[in-house]
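A closer look at the structure
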Amino acid sequence: MRRSPSIVPGDEKDTYLVLDDFGRNGRAWRETDVEDAGLETVITDLLNGEYKNPVRVVGFNTGEGWSQDVSVEVARELRLRCDDQMRDVPFFLQDFVDRYEGRYHDVQLPLPMRLV
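1. Some points on the side chain of Asp-20
- By the element assignment, Asp-20 lies in strand 1 (residues 15-21).
- For Asp-20, a relative accessible area of 0% corresponds to the buried category.
- Here Arg-30 takes part through its side chain, which lies 2.5 Å from a polar atom of the side chain of Asp-20.
- Residues in contact with Asp-20, not counting those within four places in the same chain, are Gly-26, Arg-27, Ala-28, Arg-30, Tyr-51, Lys-52, Asn-53, Pro-54 and Val-55.

2. Remarks on the sheet that holds strand 4 (residues 66-69)
- Strand order in the open sheet formed by four strands is 2-1-3-4, with antiparallel pairing between adjacent strands. Each edge of the open sheet carries a strand with a single partner, namely strand 2 (27-29) and strand 4. The sheet shows a mean angle of 15° between the axes of neighbouring strands, taken without regard to direction.
- As judged from the three bridges shared by strand 1 and strand 2, these two strands associate in the antiparallel manner. Residue pairing across strands places Asp-21 opposite Arg-27, the latter belonging to strand 2.

3. Observations regarding the side chain of Ser-71
- Considering the arrangement of structural elements, one finds Ser-71 in helix 2 (residues 71-84).
- Note on Ser-71: relative accessible area 0%, which makes it buried.
- In this structure the side chain of Ser-71 is engaged in a polar contact, spanning 2.9 Å, whose partner is the backbone nitrogen of Val-57.
- Apart from the residues within four sequence positions on either side, Ser-71 is in contact with Arg-56, Val-57, Phe-96 and Tyr-100.

4. Considering the pairing of strand 4
- When strand 3 (residues 54-61) meets strand 4, the two strands line up antiparallel, connected through four bridges. Across the sheet, residue Val-58 finds its bridge partner in strand 4, namely Asp-69.

5. A few points about the pattern of salt bridges
- According to the stated counting rule, one finds eight salt bridges in the structure shown.
- Residue Arg-56 pairs with Asp-69 through a salt bridge whose shortest N-O separation is 2.9 Å. Pair noted here: Arg-56 is in strand 3 and Asp-69 is in strand 4, with a separation of 13 residues, a long-range link.
- Judged by relative accessible area, Arg-56 falls into the partly exposed class, the value being 33%.
- The salt bridge involving Glu-101 is made with Arg-79; its shortest N-O contact spans 3.0 Å.

What counts and what doesn't
- Residues numbered from 1 in each chain as written.
- Predicted model: local features only at pLDDT ≥ 70, side-chain atom pairs only at ≥ 80, totals over all residues.
- Heavy atoms only, no water.
- Helix = DSSP H or I, 4+ residues; strand = E, 2+ residues; numbered from the N terminus.
- Buried < 20%, exposed > 50% of the residue type's maximum accessible area, 1.4 Å probe, protein only.
- Polar contact = N/O pair within 3.5 Å; in protein donor to acceptor, adjacent residues only side chain to side chain.
- Contact = heavy atoms within 4.5 Å.
- Pairing = 2+ DSSP bridges.
- Axes fitted to C-alpha atoms, helices over the stretch in contact; angles between N-to-C directions.
- Salt bridge = Lys/Arg side-chain N within 4 Å of Asp/Glu carboxyl O.

Here you go:
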């Protein structure tokens, strides 16, 4: 019986994937080259507009046996880099960064009721 090649990276490198939203076409984990799946490359690609509408970033290392959602850390790093470059977060990343930084939550303030 022939074995299929493994899709798991052979060397124990940290790997990061981006879940991208394509609107009516749905969501997909974006295909990436094994050499381009590092955190630095993912952050650079996000800033360069390589993703249409990022929803989540996950990191994993099968050799070390861990996986986690790193969206909060990535959003903070994107904001930090934009701040360091004295530029706004690009419009295509604004929702992602706001969602994971916890900014702009809708809050309903109670209004006092006046009895007439």
